[in-house]
Structure formats: structure tokens, C-alpha cells
Amino acid sequence: MKILALETSAKSVSVAVTEDGVLLAQSYQNRGLTHSVTLMPLLDAMLQSAGLTLDDIGLVAVTHGPGSFTGLRIGVSAAKGLAWAKELPCCGVSTLAAMAYGVGDFNGLIVGAMDARRQQVYNALFKAENGRIIRLCDDRAVSCEYVAQELRDAYPSENDILIVGDGAELLYKHLQAFGIPCRMASPLHRYQSASGAALAAEALAAQGRLCSAQELQPVYLRLSQAERERLAKGLPLTAE
């Protein structure tokens, strides 16, 4: 089954098609342009150059969070539209899991770290063993100090730790201060990519963890700034 994946959770945007663990096509752009402008032309060009159409696709996958609220909404909306038009199943993929699958050849502990601002990172831990990615905790928004303390207390014997994500440098400095041996993935493999999302979707599909276009939703992990401001003023999150 061919899987079409979209990735719009941060500054970069990418699309990819995989089949049985093999990357068939991918297109990537990181120029800071608006995803609503770049995503569909990028997708159309990739499919055309690869000699593919949506009729060849069996599953539409998208990183549904965490990440930029606007970016996630663009990617999820596009995935819903594509899947709905062709009556295809969908798969929402954790952005952190997608990055872990992007470094699947690594053996050791993978630490996802996306800059969540407000002195926090979006984080999850994964164990990579001979091409298998094993999730060790749920996605969460936590401080770098929290991650460092957890690694020190729960994984004291882990000597091969790889950090991925746009918050990798920030977290790396904290882990170094705690005396935790670690390294950052190379820039080529450090950030989000649709190919990682597609590979993660393959694993989820094998477990039957799919949904319809109607059911697909973003996963933000925390409230938006506007919602936080409303709560601070004692106002309800939604207008009555």
C-alpha cells in the first residue's frame, strides 16, 4: 500500500510517498514561506514527477501534532480534503514519532525536542532497536530540566542518546549541564520530514490505528495563547 504523508508542523514543509518501508518520492522546502501557499504545489509537483496520482494512494498520513498551531491546521485540513475526495483512510502521526522514525537506523535512546516556547519543549522518548521504534512515554510539553532529570533518574545506564527536533540544541545544553552523555542528530536528520511521518504511519496502520477524514484532528498538547489569555481574564474558552 502506498502512503502519502504531509508534514507542516514547523517552519519546513514536506510531502512523501512510501510503500512497504521504501521511500518512493519526497519533496521538501524550508524557506519560511506560508504552508497554505507552498503545500499543494509541492504535492502536485512531487506526484507528477514520480508518475503518481491520488488514485495510486491507499492511505493519507499527516503529522497532527505537536507543533505550530497554524501549521498543524493547514496540514490536517489538506489531509482531510485529499482523503475525503478519494474516500481514503487517514492516519494522524505524532510529530515527535515521525522524527524518531526518521533516524530509525540509530540504536539507542531517541529524545524528541521541539521548541514549545515558554521555557518548554514538546518531548517524547523512544527506544530504537534494530530498526524498531518503541515509544517510552506519551508526547508532552515539559521543561528541559524535567527531561534531564528523567534521563538521569530513569535511564542512568543509557550511553547512546540522540536528540532530534528544532529544540535539540536547547535541550542538548541542559543535558550537558546535567552531565548526561548525548549528541544531536545531524541537521539533515534532525528535523521533521514527511518520509518519517509515512514510516510511522506504516507502523500505525499495521496496528489498525487509522481513522476517517472526518475523525482526523490536530493534537495541540496545550492551549493556544488566545485561550490562555481568555482564561487569565476569567473568560470561558468559547463564546456563549
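Residues numbered from 1 in each chain as written. Predicted model: local features only at pLDDT ≥ 70, side-chain atom pairs only at ≥ 80, totals over all residues. Heavy atoms only, no water.

Asks: Just give me the short version of the pairing of strand β8 (residues 132–135), but keep the residues and values in it.
Replies: In the sheet, strand β7 (residues 120–129) pairs with β8 via four bridges, with the strands oriented antiparallel. Residue pairing in the sheet places Ala-128 in a bridge with Ile-133 of β8. Linking β7 to β8, which pair antiparallel, is a turn of two residues; within it Asn-130 sits at a positive phi near 50°. (Pairing = 2+ DSSP bridges. Helix = DSSP H or I, 4+ residues; strand = E, 2+ residues; numbered from the N terminus.)

Asks: Lay out the environment of Glu-215 in plain terms, naming residues and giving numbers.
Replies: Residue placement: Glu-215 occurs in the loop between α7 (194–206) and α8 (225–232). As a C-alpha pair, Glu-215 and Leu-170 span 45 residues in sequence and 35 Å in three-dimensional space. Within the local environment of Glu-215, its side chain forms a polar contact with the backbone nitrogen of Ser-212, the two atoms lying 2.9 Å apart. (Polar contact = N/O pair within 3.5 Å; in protein donor to acceptor, adjacent residues only side chain to side chain.)

Asks: How would you explain the pattern of salt bridges if you had to name every residue and give the values?
Replies: If you walk through the whole model with that rule in mind, you get seven salt bridges. Between Glu-19 and Lys-2 there is a salt bridge, with the nearest N and O atoms lying 3.5 Å from each other. With Glu-19 in strand β2 (residues 13–19) and Lys-2 in strand β1 (residues 2–7), this residue pair connects regions lying 17 residues apart in the sequence. With relative accessibility at 25%, the residue Glu-19 sits in the partly exposed group. Given the relative accessible area of 21%, Lys-2 is considered partly exposed. Asp-139 is paired through a salt bridge with Arg-135; the nearest N and O atoms lie 2.8 Å apart. (Salt bridge = Lys/Arg side-chain N within 4 Å of Asp/Glu carboxyl O. Buried < 20%, exposed > 50% of the residue type's maximum accessible area, 1.4 Å probe, protein only.)

Asks: Help me get a handle on the sheet that holds β2, residues and values and all.
Replies: Strand order across the open sheet formed by five strands is β3-β2-β1-β4-β5, with mixed pairing between neighbours. The two strands at the open ends of the sheet, each matched to only one other strand, are β3 (22–29) and β5 (90–94). The average undirected angle you get between the axes of adjacent strands in this sheet is 20°. By the bridge criterion, five bridges tie strand β4 (residues 59–65) to β5 in an arrangement that is parallel. Paired with Gly-65 across the bridge in β5 is Ser-94. Lying over the sheet, α7 contacts β1, β2, β3, β4 and β5, oriented at roughly 130° with respect to β1. (Axes fitted to C-alpha atoms, helices over the stretch in contact; angles between N-to-C directions. Contact = heavy atoms within 4.5 Å.)

Asks: Lay out the environment of Gly-67 in plain terms, naming residues and giving numbers.
Replies: Its place among the elements puts Gly-67 in the loop between β4 and α2 (69–86). On the basis of relative accessibility, which here comes to 9%, the residue Gly-67 falls in the buried class. When the C-alpha atoms of Gly-67 and Asn-30 are compared, they prove to be 15 Å apart, with 37 residues separating the residues in sequence. Among all residues touching Gly-67, those that are not within four sequence positions of it are Ser-9, Leu-72, Met-114 and Tyr-122.

Asks: An account of α2 is requested, with residue identities and associated values reported.
Replies: Given 3.6 residues per turn, any residue in an α-helix points the same way as the ones three and four places further on. Relative to the 26 Å expected for 18 residues at 1.5 Å per residue, α2 spans 26 Å between its end C-alpha atoms, a close match to the ideal helical length. Three or more residues of α2 are buried, namely Phe-69, Gly-71, Leu-72, Gly-75, Val-76, Ala-78, Ala-79, Lys-80, Leu-82 and Ala-83. Taken from the residues just after α2, Glu-87 is the one with a positive phi, measuring 55°. (Expected span 1.5 Å × (residues − 1).)

Asks: If you had to explain the environment of Leu-72 to someone new, which residues and values would you point to?
Replies: Structurally, Leu-72 is set in helix α2. Assessed through its relative accessible area of 0%, Leu-72 is described here as buried. Counting along the chain gives 146 residues from Leu-72 to Pro-218, while the straight-line C-alpha distance between them is 6.2 Å. Not counting the four nearest positions on each side in its chain, Leu-72 is found in contact with Thr-8, Ser-9, Thr-63, His-64, Gly-65, Pro-66, Gly-67, Pro-218, Val-219 and Tyr-220.

Asks: I'd like a description of the packing of helix α4 (residues 144–154) against helix α5 (residues 168–177), backed by residues and values.
Replies: A pair of packed helices is captured by two measures, namely the crossing angle of their axes and the spacing between those axes. Close contact between α4 and α5 brings their axes to 9 Å; oriented N to C, the two are set at 50°. Classified by the interaxial angle, the pair formed by α4 and α5 is oblique. Along this stretch, α4 crosses α5, giving a crossing that reads as right-handed. For the pair α4 and α5, the contacting residues are Cys-144, Glu-145, Val-147, Ala-148 and Leu-151 in the first and Leu-170, Leu-171, His-174 and Leu-175 in the second. In the contact of α4 with α5, the residues fall into seven nonpolar, one polar and one charged. (Parallel < 35°, antiparallel > 145°, perpendicular 65-115°, else oblique. Left-handed = near helix turned anticlockwise from the far one by under 90°. Nonpolar A, V, L, I, M, F, W, Y, C, P; charged D, E, K, R; others polar.)

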